[in-house]
2 protein chains.
Amino acid sequence: MTRDVFQGLADPTRREILNMIAHKSLNVNSVASNFDVSRTAIYKHLKILSECGLVVLQQQGRERYCEARPEKLNEVTDWVEQYRQIWTKRFDALDEYLKKIQEPKKTNLKPKKHGRKK
Amino acid sequence: MTRDVFQGLADPTRREILNMIAHKSLNVNSVASNFDVSRTAIYKHLKILSECGLVVLQQQGRERYCEARPEKLNEVTDWVEQYRQIWTKRFDALDEYLKKIQEPKKTNLKPKKHGRKK
DNA sequence: TAGATAAGAAACCTTTTGGTTTCATAATGT
DNA sequence: ACATTATGAAACCAAAAGGTTTCTTATCTA
């Protein structure tokens, strides 16, 4: 199963898990011991995190190490950036509009001012 | 009620709503008309978005305009940044360690190299 | 080899989510 | 004044989320 990275980050426990293993990979029990919910509950969170690619579980003997995959967070920052672009375009447009209406009347040397982007 | 911004972003419909109104504030009906779920469903999403501060609803006559509040997204990018810092420290530490062990042998000014754990 | 340990799976429960339909209310336009 | 329109609220529902306890299955280790 694959899952949305935004959904993966939605739960605060999962974000805490990410912080925890960012520093150093830990096995499932070690992660769980830092929380006061059951190991099984934490295991489920880990499963979700791995389903959205934020974590990968590496088997090592009878243990399984939880390794952070922070590259996946780019999807988040990308979305935010893309969002900000839409947002700022809005003001660019307003800006342009304001310039246009405030433009002093000139001698008609040039018929039009145009093509000023960004 | 107040709500987690990460939770606000968890639902794809809500992210789409944000994109939609980033460009231009819209009233509730206009937002809803872009989706194939009911107006009431969209209204609920808008309520959630406003509960986590990503949107503010401005009354204007009998309509209510949905205005984006992108500043709130800083909480998200801040978290990601803080996360990356923890993450990169990990490699800084490894780096330092590698430098240390590759350090050429020197005259024995100091009797022992110690304290290297792990 | 037997007992302990680490983790995955299953069954179950409660609360939250995301949706619906229906009803109420407050501005607007005719 | 009256019908229309924009929105909010309520009651309800199915599915998902987050949790539990119990049971299996590997893998160590004494």
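Residues numbered from 1 in each chain as written. Chains lettered and ligands numbered in written order. Predicted model: local features only at pLDDT ≥ 70, side-chain atom pairs only at ≥ 80, totals over all residues. Heavy atoms only, no water.

Colleague: Give me the interface of chain A and chain B: which residues, what numbers.
Modeller: Residue-level contacts link 27 residues of chain A with 28 residues of chain B. At the boundary of chain A with chain B, total buried surface from both sides reaches about 2800 Å², with 63% on carbon and sulfur atoms. Among the residues chain A hides against chain B, the three largest losses belong to A:W79, A:Y83 and A:R90. Together they make up 21% of the total. Here chain A is connected to chain B by two salt bridges. Salt-bridge contacts for B:R15 lead to A:D4; the nearest nitrogen and oxygen are separated by 2.8 Å. At the junction of chain A and chain B, the tally comes to six residue pairs in polar contact (both at pLDDT 80 or more). Its residues placed into classes, the side of chain A that touches chain B shows 15 nonpolar, seven polar and five charged. (Contact = heavy atoms within 4.5 Å. Buried area = accessible area lost by both parts, 1.4 Å probe. Salt bridge = Lys/Arg side-chain N within 4 Å of Asp/Glu carboxyl O. Polar contact = N/O pair within 3.5 Å; in protein donor to acceptor, adjacent residues only side chain to side chain. Nonpolar A, V, L, I, M, F, W, Y, C, P; charged D, E, K, R; others polar.)

Colleague: Residue-level account of the environment of B:V31, with values.
Modeller: Residues and elements named next belong to chain B. One can find V31 in helix α3 (residues 28-33). A relative accessible area of 0% places V31 in the buried class. Excluding residues within four positions of it along the chain, V31 makes contact with I17, M20, I21, L26, I42 and C66. (Helix = DSSP H or I, 4+ residues; strand = E, 2+ residues; numbered from the N terminus. Buried < 20%, exposed > 50% of the residue type's maximum accessible area, 1.4 Å probe, protein only.)

Colleague: Can you lay out a nonpolar patch on the surface for me, pointing to particular residues and giving the numbers?
Modeller: A surface patch of nonpolar side chains, amounting to about 400 Å² of accessible area, comprises B:F91, B:L94, B:Y97, B:L98 and B:I101. Among the secondary structure elements, B:F91 is positioned in helix α5 (residues 74-102). (Patch = residues over 30% accessible without salt bridge, like charges linked within 9 Å, V, L, I, M, F, W, Y side chains within 5 Å. Areas by Shrake-Rupley, 256 points an atom, 1.4 Å probe, with all protein chains shown as cover.)

Colleague: Can you explain the protein's contact with DNA strand D? Please cite residues and give values.
Modeller: Taken together, 22 residues sit near DNA strand D, with A:Q7, A:S38, A:K44, A:H45 and B:Y43 positioned nearest. Here a base oxygen of DNA strand D sits 2.5 Å away from a polar atom, N or O, in the side chain of A:K44. Every element with two or more residues in the surface near DNA strand D is listed here: α4 (39-51) of chain A together with α3, α4 (39-51) and β3 (63-68) of chain B. Residue composition of the surface near DNA strand D, grouped by class: four nonpolar, eight polar and ten charged. (Near = heavy atom within 4 Å.)

Colleague: Account for the packing of helix α2 (residues 12-23) of chain A against α4(A), naming residues and giving values.
Modeller: Residue and element names in this part refer to chain A. Remark: α2 packs on α4, axes separated minimally by 10 Å, with the N-to-C direction vectors making an angle of 80°. Classified by the angle between their axes, α2 and α4 sit roughly perpendicular to one another. Across the interface between the two elements, T13, R14, I17 and L18 of α2 pack against I42, H45, L46, I48 and L49 of α4. (Axes fitted to C-alpha atoms, helices over the stretch in contact; angles between N-to-C directions. Parallel < 35°, antiparallel > 145°, perpendicular 65-115°, else oblique.)

Colleague: Pulling in residues and values, what's your account of the sheet that holds strand β1 (residues 26-27) of chain B?
Modeller: Residue and element names in this part refer to chain B. Taken together, the three strands give an open sheet; going across it, the order is β1-β3-β2, and neighbouring strands pair in antiparallel fashion. Every interior strand has two partners, whereas the edge strands, β1 and β2 (55-60), have only one. Along the sheet face, helix α2 (residues 12-23) touches β1, β2 and β3 and points at about 95° away from the line of β3. (Pairing = 2+ DSSP bridges.)

Colleague: Before we move on, can you summarise the protein's contact with DNA strand C with the specific residues and values?
Modeller: In the vicinity of DNA strand C lie 23 residues, with A:Y43, B:Q7, B:S38, B:K44 and B:H45 positioned nearest. Among all atoms of DNA strand C positioned within 4 Å of the protein, those belonging to sugar or phosphate total 66%. Here a sugar or linking oxygen of DNA strand C and a side-chain polar atom of A:Y43 are 3.3 Å apart. A:R62 places a polar side-chain atom, nitrogen or oxygen, 3.1 Å from a base oxygen of DNA strand C. Listing elements by their share of the surface near DNA strand C, those giving two or more residues are α3 (28-33), α4 and β3 (63-68) of chain A together with α4 of chain B. Residue contributions to the surface near DNA strand C peak at five residues, all from α4(B). Classifying every residue of the surface near DNA strand C by side-chain character gives five nonpolar, eight polar and ten charged.

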